[in-house]
Amino acid sequence: MSAFTPVQSALVSVYHKEGLAPILHALHNAGVKLYSTGGTQSFIEGEGLPVTAIENVTGFPSILDGRVKTLHPNVFGGILWRRDNSEDAKTVQERDIPSFDLVIVDLYPFEDTVASGASEADIIEKIDIGGISLIRAGAKNFHHVWMVSSRSEYPEVLSLLEAQGAQTTLEQRKAFAGRSFQVSNHYDGAIAAWFAGETKPFPGLPGERRALRYGENPHQPAWFIGNLDELFIQHNGKELSYNNLLDIDAAMLFCAEGGEDPTVAIIKHNNACGMASADTLSQAWDRALAADPVSAFGGVIACNETIDEETAAKMNDLFFEVVIAPCYSVAALEILKSKKNRIILESQPCEWPQHLVRSTLNGVLLQARDSHRDSEADLTVATKRAPSAQEVDDLLFASAVCKHTKSNTIVLAKDRQLIASGTGQTSRVDALKQAIQKAESFGISLEGAVMASDAFFPFPDCVEIAYEAGIRAVIQPGGSIKDQLSTDYCDAQGMAMVMTGIRHFKH
């Protein structure tokens, strides 16, 4: 951690005063000189603390009903001057500009004013000019200035003052500065959305906003924020829906796991009902469809190479909503366009976002994407029998499918073909039973198949059921305190089991 930099003076300009008093007293007790404006100055005086009016710094009164108070070189010079720059030091000394080592701002409540149904005039008056400028100045000069830009930071500020006095490290100031620019970005986004007439959720989100026909159900309004034209060329069909977009995203992620081999993924409700890699795309289609031709009806299909005439002719026998591929032969395109509502997308090279965002409760969750694909290097053989080369290939294929399938999930595969999966079950045993039942319903033998699990087996029941169904190799993360029970059962039956140490939950 870097050395501490003392706070000798603070500029305080806030709209809401709640939670501020303890900070002011802590600063005063530490010998920090306080400067302030208007209502904040009156509040500080009401706390019995000495404070210097900002007018005494600028030599200019607040004008235009308070619209202009702090916008002055003596204020911004005191924030922005670089303490390690001799020319800056000379300038502030010659012009008698005070230093501000700490700036505390709480912006006008623009969003609350809009939400209250206030008039346009009242809303405009709640667009903060001086405050947002102070935030950007203080955050920019974080090497020398501590910028506090939100009431939500007051407890942390008070904690720091109590723990280390009126001084901060560079790392601490940089963290506050980063959050300050987030405050600025959100505030400006809300203002821009209001001027654009947006009354939709999350108005501050950047990007083009496209209204969709509806959400998951017809009574739910929905939008897509982003640029779909960068991702696809649409050759045919109706406008993309909310559910289409979710399934397209899932289909492309599943299909990408096929690597360089011709691969087809068939998706329903974000899960793969069919997926296979083969020597040709036509063969991959046959094998993907065979796993569950019933669920494939009305699905979304993704291919990782050019769809040729032979494959298109086979596909055309099935009703499906969307097909995505990097290219189509002329003949294939004509065949697929025979259904006027069928959506035909030509995918363009793109990079997937490395983070996922999801609204939850009264906020959002942000996490890094699960971009880890299990490889041979990740495998630890837990049993006496090691899997064969063919089994390893199938185990890694099954694990890749498992990663994109809703938890709890079990995936059964053989010869790089998804045979069946149990998806979104509250019990891992139920997921396995669902997968076995589905394979049996289509007359698919599980002899010699492999099993993948997105998380560890808490008991040996899954490997017991799997063995009875004909499965002879298993891949799972491991990590249960009862791993040995599953291992012992596999050893007794001559099964191979590998552990990766990587869990792949998906909720």
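Up top is the structure.
Scoring rules and cut-offs
- Residues numbered from 1 in each chain as written.
- Predicted model: local features only at pLDDT ≥ 70, side-chain atom pairs only at ≥ 80, totals over all residues.
- Heavy atoms only, no water.
- Axes fitted to C-alpha atoms, helices over the stretch in contact; angles between N-to-C directions.
- Helix = DSSP H or I, 4+ residues; strand = E, 2+ residues; numbered from the N terminus.
- Parallel < 35°, antiparallel > 145°, perpendicular 65-115°, else oblique.
- Contact = heavy atoms within 4.5 Å.
- Nonpolar A, V, L, I, M, F, W, Y, C, P; charged D, E, K, R; others polar.
- Salt bridge = Lys/Arg side-chain N within 4 Å of Asp/Glu carboxyl O.
- Buried < 20%, exposed > 50% of the residue type's maximum accessible area, 1.4 Å probe, protein only.
- Phe/Tyr/Trp six-rings, centres within 6.5 Å; stacked < 30°, edge-to-face > 60°.
- Arc of directions from axis to C-beta.
- Pairing = 2+ DSSP bridges.
- Core = buried A, V, L, I, M, F, W, Y, C linked by side-chain atoms within 4.5 Å.

(A) Seen up close, the packing of helix α16 (residues 428–441) against helix α17 (residues 461–469). Following both chains from N to C, one finds α16 and α17 inclined at 10°, their axes separated by 9 Å at the closest point. Here α17 runs roughly parallel to α16, going by the angle between their axes. Contacts between α16 and α17 involve R428, V429, L432, K433 and I436 from the first element and D461, C462, I465, A466 and A469 from the second. Counted by class, the contact of α16 with α17 contains seven nonpolar, no polar and three charged residues.

(B) The arrangement of the pattern of salt bridges in detail. Evaluated as defined, the whole model comprises 16 salt bridges. With a closest N to O distance of 2.6 Å, D88 and R82 form a salt bridge. The class of R82 is partly exposed, set by a relative accessible area of 43%. Through salt bridges that share partners, E153, E156 and R179 make up one connected network.

(C) Quick look at the packing of aromatic side chains. Summed over all chains, the structure comprises seven aromatic pairs. Arranged with centres 5.7 Å apart and planes meeting at 80°, the rings of W146 and F176 form a pair that is edge-to-face. Of this pair, W146 sits in strand β6 (residues 146–148) while F176 sits in helix α10 (residues 170–195); the two residues are 30 residues apart in sequence, bridging distant segments of the chain. Each member of the pair W146 and F176 is classed as buried. Aromatic pair F297 and F319: ring centres 5.0 Å apart, planes at 45°, arrangement tilted. Placement of the pair is F297 in the loop between α12 (281–290) and β13 (299–303) and F319 in the loop between α13 (309–315) and β14 (320–325), with a sequence separation of 22 residues. Exposure remark for F319: the relative accessible area of 42% places this residue in the partly exposed category.

(D) Summary view of helix α18 (residues 483–493). All buried positions along α18 are accounted for by D483, S486, T487, Y489 and C490. On an axial view of α18, the arc spanned by its buried residues comes to 160°, and they lie on one face. Against α17, β22 (473–476) and β23 (496–499) lie the buried residues of α18. Immediately downstream of α18, the backbone of G494 shows phi near 75°, a positive value.

(E) Broad picture of unusual backbone geometry. Cis peptide bonds are those with omega within 30 degrees of zero, and the linkage from S407 to N408 qualifies with -15°. Note that N408 resides in the loop between α15 (389–403) and β19 (410–414). Phi at L361 is positive, roughly 50°, even though this residue is not glycine. Assignment of secondary structure puts L361 in the loop between β16 (355–360) and β17 (363–368).

(F) Local environment of the sheet that holds strand β5 (residues 102–106). Taken together, five strands build an open sheet; the order of strands is β4-β3-β2-β5-β6 and the sheet is parallel. Every other strand in the sheet has two partners, leaving β4 (52–53) and β6 as the edge strands with one partner each. Sheet analysis places strand β3 (residues 33–36) next to β4, joined by two bridges and oriented parallel. Bridge pairing links S36 to A53 in β4. Docked against the sheet, helix α2 (residues 38–46) engages β2 (9–14), β3 and β4, running at close to 140° with respect to β3.

(G) Up close: the environment of H507. Of note, H507 is situated in the segment after β23. When the C-alpha positions of H507 and K406 are compared, they lie 5.9 Å apart, and in sequence the two are 101 residues distant.

(H) Inspection of the pairing of β2 at higher detail. Along β2, six of the six residues are buried, which leaves the element largely enclosed by surrounding structure. Side chains of β2 alternate between two faces, with S9, L11 and S13 and A10, V12 and V14 buried alike. Two elements, β2 and β3, share four bridges in a ladder whose sense is parallel. Bridge pairing links V12 to S36 in β3. Strand direction decides the pairing type here: β2 and β5, joined by five bridges, are parallel. By the bridge assignment for β5, L11 is matched with V103.

(I) Quick peek at the nonpolar core. Core analysis: the largest hydrophobic core is formed by 39 residues, its most contacted members being I248, F254, I324 and L345. Core analysis: the second largest hydrophobic core is formed by 26 residues, F76, I135, A177 and A190 among them.

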